[in-house]
Amino acid sequence: MSYTIPIGPYHPALEEPCKVQVTCEGETVRDVTLSVKYNFRGVEWLAERRNYQQAVALVERVCGICSNVHTLTFCTAVERIAGLTVSERAQYIRTIVAELERLTSHTLWAGIAAEVIGFQTLFMTCFALREQLMDLLEKLSGSRVHYGMNCIGGVTRDLADPKAVLIAARNVRQALTDQLIPLFANDKTVRARCMGTGKLTREQALAWGAVGPTARASGLNEDIRRTSPYAAYAQLDFEVPVETSGDVFARVVVRLLEMVESCRIIEQAVDNIPSGRLHGPDFVEVPPGEAVARAEAPRGELFYYVASDGTDVPCRVKIRTPSFVNQPAVRPMMIGANLADVALINASIDPCYSCTSR
Amino acid sequence: MEDPGLDVEKMALVMVEAGARLVTVSAYSLDTGEFRLIYHWDLEGNLLNCATLTRQGALPAIVRICPAADWIEREIHDYYAVNFAGRDLPTLVINEQDTPGIFAHKFQRKNKPGGRA
């Protein structure tokens, strides 16, 4: 006999609302229904009623964790329509901030994953590291969450303290290699909870359109920074970690190794940042046209489609976030899993419901 | 690629067989009452954009060919009330009691997008 358990929309393991309804036979999950409507704000509709400068501030608020990559991708799409060239210095600053954001996002996720696994010490270690990164971002941008670094045509601020960025990147790399990676990779509890749990095959990942670390943990070698480079990524040397087991442990490993690569990218970018202007003219005329832009957000590929009719207000802004495509892929991960692993499997894709429903 | 009469099911079959990933579908309403939909596919890192028009507000669903289209089609139905024939369309981001088409009608600002992607 099967029974159905509604989990959410509000529950202590996750601070954003989502309803996961699982149908079980015994303790085995047989079916899953997801409901993600609770954070719908109509951001696309709002963006089509604000001028381009206002829309930059608006799209930054799609998400409180990957806010910077939203403005970066939106600005890139508008710059393509307007034919604007962004200076190399601005491209390097965009890259540095994007990688710092990836580090804060991944340390947040690692902490939450540790808490879901039941490893409180590891949770505190991750959040202590994240705190240093957020302090640095505040020093650079004036804010811990919405950095306001990108504008159409470049960046709003110069890199205030390159030495502090370099020191932070080295410290984080050290903490990763000395503490976090050995703890996650070798701890018996972590391995027991994560290995073989929530499997997503390569074929399933492709069919469901999964992106980012979720896809790369299932053997898909896709990273927009590599396949379709933007900002300064084409000038920098980095690896794209790929795992093939497709389980929760593989997602853990991919994100941890990605953090090391982020540190490498930041160090190279700070060492090689060229001189140049920060941005173009204050007011940009956007001619009629349309463009798409993609960027590798912490959770995977972020996609923007922007259409202009030549006025100062975009006539269409389409936002496809990585969580929007990763979240449906938890269904094949959960079917056949143990009920006790549902929360961990959901957490393993690093879901963001503000991004999902916008 | 721009084809007002595009056979979207055939397109989806060809793309899936080639190993392409459905990135998303962009939609917006036109003065004619129809909608322009652009299917964005990623094939080995290259973005392929296939644009078409709805026929009497509808297009065939591709979710049976490509599971990734499930939420994408439901979201477009919520926003523009585009009907994807051959599948159920439960609401995704709006409440069950709300009428689909919240972006298409009562809040529509303008609908004159420019050139091509």
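Residues numbered from 1 in each chain as written. Chains lettered and ligands numbered in written order. Predicted model: local features only at pLDDT ≥ 70, side-chain atom pairs only at ≥ 80, totals over all residues.

### Observations regarding the overall build of chain A
Part 1 of the argument: Counting its regular elements, chain A contains 15 helices and eight strands.
Part 2 of the argument: Computed over its C-alpha atoms, the radius of gyration of chain A comes to 20 Å, within 12% of the 21 Å expected for a compact globule of 358 residues.
Part 3 of the argument: The dimensions of chain A, computed from C-alpha atoms along their principal axes, are 65 × 45 × 35 Å.
Part 4 of the argument: In chain A, which comprises 358 residues, the share counted as buried stands at 54%. (Helix = DSSP H or I, 4+ residues; strand = E, 2+ residues; numbered from the N terminus. Rg over C-alpha atoms; globule rule 2.2 N^0.38 Å. Buried ≥ 20, exposed ≤ 12 C-beta atoms within 10 Å, placed from the backbone.)

### Topic: the sheet that holds strand β3 (residues 28–35) of chain A
Residue and element names in this part refer to chain A.
Part 1 of the argument: On the basis of which strands lie adjacent, the open sheet formed by three strands has the order β1-β2-β3 and antiparallel pairing. Across the chains shown, the open sheet's two edge strands, defined by having one partner strand only, are β1 (2–7) and β3. Between one strand axis and the next, the sheet turns through 20° on average, direction left out of account.
Part 2 of the argument: One ladder, built from six bridges, connects β1 with strand β2 (residues 19–25); its direction is antiparallel. Paired with Ile5 across the strands is Val22, a residue of β2. (Pairing = 2+ DSSP bridges. Axes fitted to C-alpha atoms, helices over the stretch in contact; angles between N-to-C directions.)

### Regarding the packing of helix α6 (residues 162–186) of chain A against helix α11 (residues 248–272) of chain A
Residue and element names in this part refer to chain A.
Part 1 of the argument: At a minimum axis separation of 9 Å, α6 and α11 run at an interaxial angle of 160°. One way to sum up the angle between α6 and α11 is to call them roughly antiparallel. When the axes of α6 and α11 are compared, the crossing they make is left-handed.
Part 2 of the argument: The residue inventory of the contact of α6 with α11, partitioned by class, reads 18 nonpolar, one polar and three charged. (Parallel < 35°, antiparallel > 145°, perpendicular 65-115°, else oblique. Left-handed = near helix turned anticlockwise from the far one by under 90°. Nonpolar A, V, L, I, M, F, W, Y, C, P; charged D, E, K, R; others polar.)

### Structural notes on the interface of chain A and chain B
Part 1 of the argument: Contact residues are listed per partner, giving 30 residues for chain A and 29 residues for chain B.
Part 2 of the argument: Of all elements in the fold, only α8 (202–207), β6 (289–297), β7 (300–308), β8 (316–320) and α12 (322–326) of chain A reach the threshold of two or more residues within the side of chain A that touches chain B.
Part 3 of the argument: Residue composition of the side of chain A that touches chain B, grouped by class: 15 nonpolar, seven polar and eight charged. (Contact = placed C-beta atoms within 7 Å.)

### Describing the environment of Glu27(A)
Residues and elements named next belong to chain A.
Part 1 of the argument: Along the polypeptide, Glu27 turns up in the loop between β2 and β3.
Part 2 of the argument: We classify Glu27 as exposed; it has 10 C-beta atoms within 10 Å.
Part 3 of the argument: Sequence spacing of Glu27 and Gln53 is 26 residues, and the spatial spacing of their C-alpha atoms is 52 Å.
Part 4 of the argument: Aside from chain neighbours lying at most four places away, what touches Glu27 is Asn338 and Leu339.

### Focus: the packing of helix α4 (residues 88–117) of chain A against α11(A)
Residues and elements named next belong to chain A.
Part 1 of the argument: In contact at an axis separation of 9 Å, α4 and α11 are set at 155° when each is read in the N-to-C sense. Classified by the interaxial angle, the pair formed by α4 and α11 is roughly antiparallel. Along this stretch, α4 crosses α11, giving a crossing that reads as left-handed. Facing Tyr92, Thr95, Ile96, Glu99, Leu100, Arg102, Leu103, His106, Trp109, Ala110 and Ala113 of α4, the residues of α11 in contact are Val252, Arg255, Glu258, Met259, Ser262, Ile265, Ile266, Ala269 and Val270.

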